[in-house]
Structure formats: C-alpha cells, structure tokens
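# Reading the structure
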Amino acid sequence: MKVIDHLNAANDTLFSFEILPPLKGKSIQSIFDGIDPLMEFKPKFINVTYHREEYIYKEREQGLLEKIAIRKRPGTVGICAAIMNKYQVDAVPHLICGGFSKEETENALIDLQFLGIDNVLALRGDSIKTESNFKPHPQGHRYAVELIEQIQEMNSGNYLIEDIQLEPTDFCIGAAGYPEKHFEAMNLTTDLQYLKAKVDAGASYIVTQMFFDNKKYFEFVEACRNIGITVPIIPGLKPLKTLNHISFLPKFFHIDYPEQLSKELLSCKSNADVEQVGIEWAIQQSKELKAAGVPCIHYYTMSNSEQVKKIAGEVF
Ligand code: FAD
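Per chain, residues are indexed from 1 in the order of the written sequence. Residue-level local features of this predicted model are given only where pLDDT is at least 70; pairs of side-chain atoms are given and counted only at 80 or more, and the full residue set underlies all totals for whole chains, interfaces and linings. Based on all heavy atoms of the structure, the side-chain values leave hydrogens and waters out of the count.

### Let's talk about the packing of helix H7 (residues 214–226) against helix H10 (residues 271–291)
- Here the axes come from fitting lines to C-alpha atoms, over the contacting stretch only for helices, and the angles between their N-to-C directions go from 0 to 180 degrees. The secondary structure listing takes helices from DSSP runs of H or I that are at least 4 residues long and strands from runs of E that are at least 2 residues long, numbered from the N terminus. Contact geometry for H7 and H10: axes closest at 10 Å, N-to-C directions at 30°. On the basis of their axis angle, the class for H7 and H10 is roughly parallel. Handedness of the H7/H10 crossing: right-handed. Residues Asn214, Tyr217 and Phe218 of H7 touch H10, and the partners they reach there are Gln285, Glu288 and Leu289.
- Gly is put with the polar residues, along with every residue not named as nonpolar or charged; the nonpolar set is Ala, Val, Leu, Ile, Met, Phe, Trp, Tyr, Cys and Pro, and the charged set is Asp, Glu, Lys and Arg. Split into classes, the residues belonging to the contact of H7 with H10 amount to three nonpolar, two polar and one charged. The cut-offs work like this: below 35 degrees is roughly parallel, past 145 is roughly antiparallel, 65 to 115 is roughly perpendicular, and the gaps in between are oblique. In this scheme the handedness of a crossing depends on how the near helix is turned from the far one: anticlockwise by less than a right angle means left-handed, clockwise means right-handed. Contact definition: two residues touch when any of their heavy atoms are within 4.5 Å.

Here it is, written out as structure tokens:
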C-alpha cells in the first residue's frame, strides 16, 4: 500500500521509522533485531536509507596510490523486499540521484516494481566524502525534482526509450524538506520554492530533516501552506544518544538546538546522560506534535531501536 494511502486512511498520528542497511558483510539479522522491538507500535511503513559509494586510496608498489570505490552499506532494495516479506509492512527505499545514470534509475525502479515495492523517497543525495560539492552522474540528475519527474514519467508509461508507450508504474513518491533550510540553499524562500517544485512534479508527501525545536516545524508547515504546498508533511525526529552528537548533529545536518536543550546537554557528563536527555526531549517533542495532529512521526533510529522504543512507548 502507498504511504499516501496510509496517511489518508489514518485517524491518528502514525508511527514510522528509518533504518540503515548493515555494514557490508553483516547479516540481515541485525536489521530484523532492530525492527522487532518496534513492531508493537504498528509502523505502517519502514524506510531504508541508501548509501552511495565512497573512495578510498590503497598504496601500491613504488608509492603509487590506487583509487578504489567501495559501498559500505549496500542492500537497500533487498532489505526492503525482506521487510515486506517478513513483517507484511510497506518498505520505502530511498532512491538518490548521486551515482546513478537515468537508465540505472529506470532499471532500479523496474526492479522495485517487480518486487511489489510501490513507494520511494526521492532524494538528491549528498556529495561523496572526497568531493566538496555534489557532482551529478554525467547521464543522471542534478536535483531531486528531476528524479521525481523521471518517476512520474514512468508512472505515465513514458520510459527512456523514446516514442514507445509502455506499461505505467504506480509509485508513490516522497520528498525531503528542511525546516531549518537545506544547507546549500540561498535562503528559506528559495528552498521552499524548490520544495514546491518537487511536489508539483509528483511528490505526494514530505518527510522533514530532523529538528529539535517544534516551533521550527510548525513555522515550516505554515510557510509551505502559504505558498500552496498542501501535501502531508511528516516530521522527522532523531533522539540524541552520545556526547559526540552534541556537536556532530548541528555540524553534519545544519540544525540548531534550542536553548533549553543546549543547557541540558551542557550538564551531561556521559553518553548515558545524553541518551536520557535525548529520550526525554524526544518524548516531549513527540507528544506536542501528536497533540497538534501531525500525520505521522518518523524516527531516525540509526540502528538504535531500543531508545526509540522507550520514546514510542510513552507516545503511541
Ligand atoms: P534537492 O531537493 O535536489 O535540493 C538540494 C539543494 O538544491 C537545496 O539547497 C535546494 O534548495 C536546491 N535546489 C533544488 N532544486 C533546485 C533547482 N532546480 N535549481 C537550483 N537549486 C535547486 N541522503 C542519502 O544519501 N541517502 C539517504 O537515504 C538519505 N535519506 C534522507 C532522508 C530524509 C528524510 C532527508 C531529509 C534527507 C536524506 N538524505 C539522504 C540527505 C539528502 O540526500 C541531502 O540532504 C541532500 O543534500 C539534498 O537532498 P534533496 O533531495 O533534499 O535535494
């Protein structure tokens, strides 16, 4: 079933979460071990992130360096199929522009269709670690909106092969939104215009980047509504867990902590202290969002379902 149909059919705020594929060489059991504790909250869909290649350099004879591409977390599509098979819950693979030609994207979508997966979260993806800016594949897409357009074309039966009308796909497409602005955007206004373009191109719902201040989410939703974005906007929450998160998350995800939370974090001396603050903060955020009638709360578990279980147990 499509995510948008789940959202439209719901009488109350839904629970959903996102997992990462395991590191290459680890078994899929680690994924199931992360999902099992959360099944009691009846997720209607589970997202699986996509991780593109990275480059490493290996030293060869005479000091020469060989550049090698590796993908540390392959398996997004296989994991989605396994989740649907084992739990009978819809899985949402993340599909990115980075590293894909249009034809590879088309073929990936055909695989998804054959597997009965009719949801995708369409993203641009970040630059690879060794590049300072995002570089699109020469035959690929520069922005998520172009990927959404390609999927919508397939939904209309228009594949890359010109002049031949083929069997249409039927994908429900989600897109990413940033309550605190995407870090490359000139300002929130242009970012919102590009977000609207993604919706106009065919995204039927939005999932937000993590945020720790609900006010920012509410303002973002209002700004979206003011420019005519009417689709559901699912808030994404990430529970803080380690001392490292205190500086890493603002740096990596370009988000701010509200003053009250930063005060609480400053008094933390150990990972356990941060984890406790993270749980309490996420419970408080979730309760307020649920009371406001958000369609769904999406948790970034980052393979840390025990913490999300404690939060969901207080909210759902
Ligand atoms: P876009 O919508 O293409 O926007 C990228 C930037 O370009 C923005 O600054 C936007 O304002 C600007 N822009 C957009 N369209 C245009 C245009 N036509 N002209 C000029 N500027 C434009 N990354 C992964 O690699 N794998 C994942 O699984 C993954 N999952 C994610 C899930 C969620 C819910 C979120 C919020 C992010 C996720 N990301 C993931 C990260 C995401 O790929 C990055 O944030 C990326 O930098 C932007 O992706 P986007 O789809 O928002 O890009």
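### Some remarks on the nonpolar core
- One finds Ile19, Ile83 and Ile151 to be the most contacted residues of the largest nonpolar core, which totals 61 residues.
- No other element matches helix H3 (residues 76–87), which puts six residues into this core.
- In this structure, Ile19 is in contact with Ile31, Ile35, Ile46, Asn47, Val48, Thr49, Ile79, Ile83 and Thr301, ignoring residues within four places of it in sequence.
- Counting 31 residues, the second largest nonpolar core, distinct from the first, contains Leu7, Ala176, Met210 and Tyr257. Residues belong to a common nonpolar core when they are buried Ala, Val, Leu, Ile, Met, Phe, Trp, Tyr or Cys residues joined through side-chain atoms within 4.5 Å. The classification of residues rests on relative accessible area computed with a 1.4 Å probe and restricted to protein chains. Under 20% of the type maximum is buried, over 50% is exposed, and intermediate values are partly exposed.

### Topic: the side chain of Asn47
- Structurally, Asn47 can be placed in strand S2 (residues 45–48).
- Residue classification places Asn47 among the buried residues on the basis of a relative accessible area of 1%.
- Two N or O atoms form a polar contact when they lie within 3.5 Å of each other; inside protein one atom must be a possible hydrogen donor and the other a possible acceptor, and for residues adjacent in sequence the pair counts only when both atoms belong to side chains. At 2.9 Å, the side chain of Asn47 and the side chain of His94 are in polar contact.

### Quick look at the pairing of strand S5 (residues 90–96)
- Most of S5 sits inside the fold, with seven of its seven residues counted as buried.
- A strand pair is defined by DSSP finding two or more bridges across the two strands. Across four bridges, S2 lies against S5 in parallel orientation. Note that in S5 the partner of Asn47 across the bridge is Val92.
- Both S5 and strand S6 (residues 119–123) contribute to a ladder of three bridges, which runs parallel. Residue pairing across strands places Leu95 opposite Ala122, the latter belonging to S6.
- Here the term right-handed applies to a crossover when the path leading from its first strand over the helix to its second strand runs clockwise, the strands being oriented away from the viewer. Regarding the hand of the β-α-β motif, the stretch spanning S5, helix H4 (residues 102–114) and S6 is right-handed.

### Describing the pattern of salt bridges
- Basic side-chain nitrogens of Lys or Arg form a salt bridge, by our definition, when they fall within 4 Å of a carboxyl oxygen of Asp or Glu. Counted under the stated rule, the structure contains 13 salt bridges.
- Residue Lys290 pairs with Asp12 through a salt bridge whose shortest N-O separation is 3.5 Å. One end of the pair, Lys290, is in helix H10; the other, Asp12, is in the loop between helix H1 (3–9) and strand S1 (14–19), and 278 residues separate them in sequence.
- Lys290 sits in the partly exposed class, given a relative accessible area of 22%.

### Comments concerning the site of the ligand
- A single heavy atom is enough: if one lies within 4 Å of a molecule or strand, its residue is considered near that molecule or strand. Around the ligand sit 22 residues, and of these Asp126, Tyr178, His182, Asp191 and Lys198 come closest.
- A distance of 2.8 Å is found between a nitrogen atom of the ligand and a backbone nitrogen or oxygen belonging to Tyr50.
- Residue exposure ignores everything except the shown protein chains as possible cover, and the areas themselves are Shrake-Rupley values with a 1.4 Å probe. With the chains in place, 87% of the 980 Å² that the ligand exposes on its own is no longer accessible.
- Looking at the shell around the ligand, the elements that each hand over two or more residues are S5, S6, helix H6 (188–201) and strand S8 (203–210).
- Of the residues assigned to the shell around the ligand, the class counts are twelve nonpolar, five polar and five charged.

### Points about the packing of aromatic side chains
- Any two of the Phe, Tyr and Trp rings considered here, Trp counted by its six-membered ring, make a pair once their centres fall within 6.5 Å; the pair's planes then place it as stacked at under 30 degrees, edge-to-face at over 60, or tilted in between. Within this structure, the stated rule accounts for twelve aromatic pairs.
- A centroid spacing of 6.0 Å and a plane angle of 70° characterise the contact between Phe32 and Tyr87, whose relative ring orientation is edge-to-face. Taken as a pair, Phe32 in helix H2 (residues 29–35) and Tyr87 in helix H3 lie far apart in primary sequence, 55 residues in all. Summarising the burial analysis for this pair, Phe32 and Tyr87 share the class buried.
- Among the aromatic residues, those joined into a cluster by ring pairs are Phe15, Phe17, Phe41, Tyr299 and Phe316.
- Definition used: whenever NZ (Lys) or CZ (Arg) falls within 6 Å of the ring centre and also within 35 degrees of the ring normal, the charge is taken to sit over that ring. Above the plane of the ring of Tyr55 lies Lys67, whose end atom (NZ or CZ) is 4.5 Å from the centre.

### Quick look at the state of the cysteines
- Our working definition of a disulfide is a cysteine sulfur pair at a distance within 2.5 Å. Taken as a whole and assessed by the stated rule, the structure comprises zero disulfides.
- Cys172 provides the cysteine sulfur closest to Cys80, a residue in no disulfide bond, and the two sulfurs are 14 Å apart.
- Cys80 sits in the buried class, given a relative accessible area of 0%.

### A few points about the sheet that holds S5
- If you trace the eight strands once around the closed barrel, you get S1-S2-S5-S6-S7-S8-S9-S10, paired in parallel fashion. Taking the axes of each pair of neighbouring strands and ignoring which way they run, one obtains an average angle of 30° across the sheet.
- Looking at chain direction, S6 and strand S7 (residues 172–177) are connected through four bridges and run parallel. Counterpart to Asn119 in the pairing with S7 is Cys172.
- Helix-sheet contacts for H10 involve strand S9 (233–237) and strand S10 (296–300), and the interaxial angle to S9 is about 170°.

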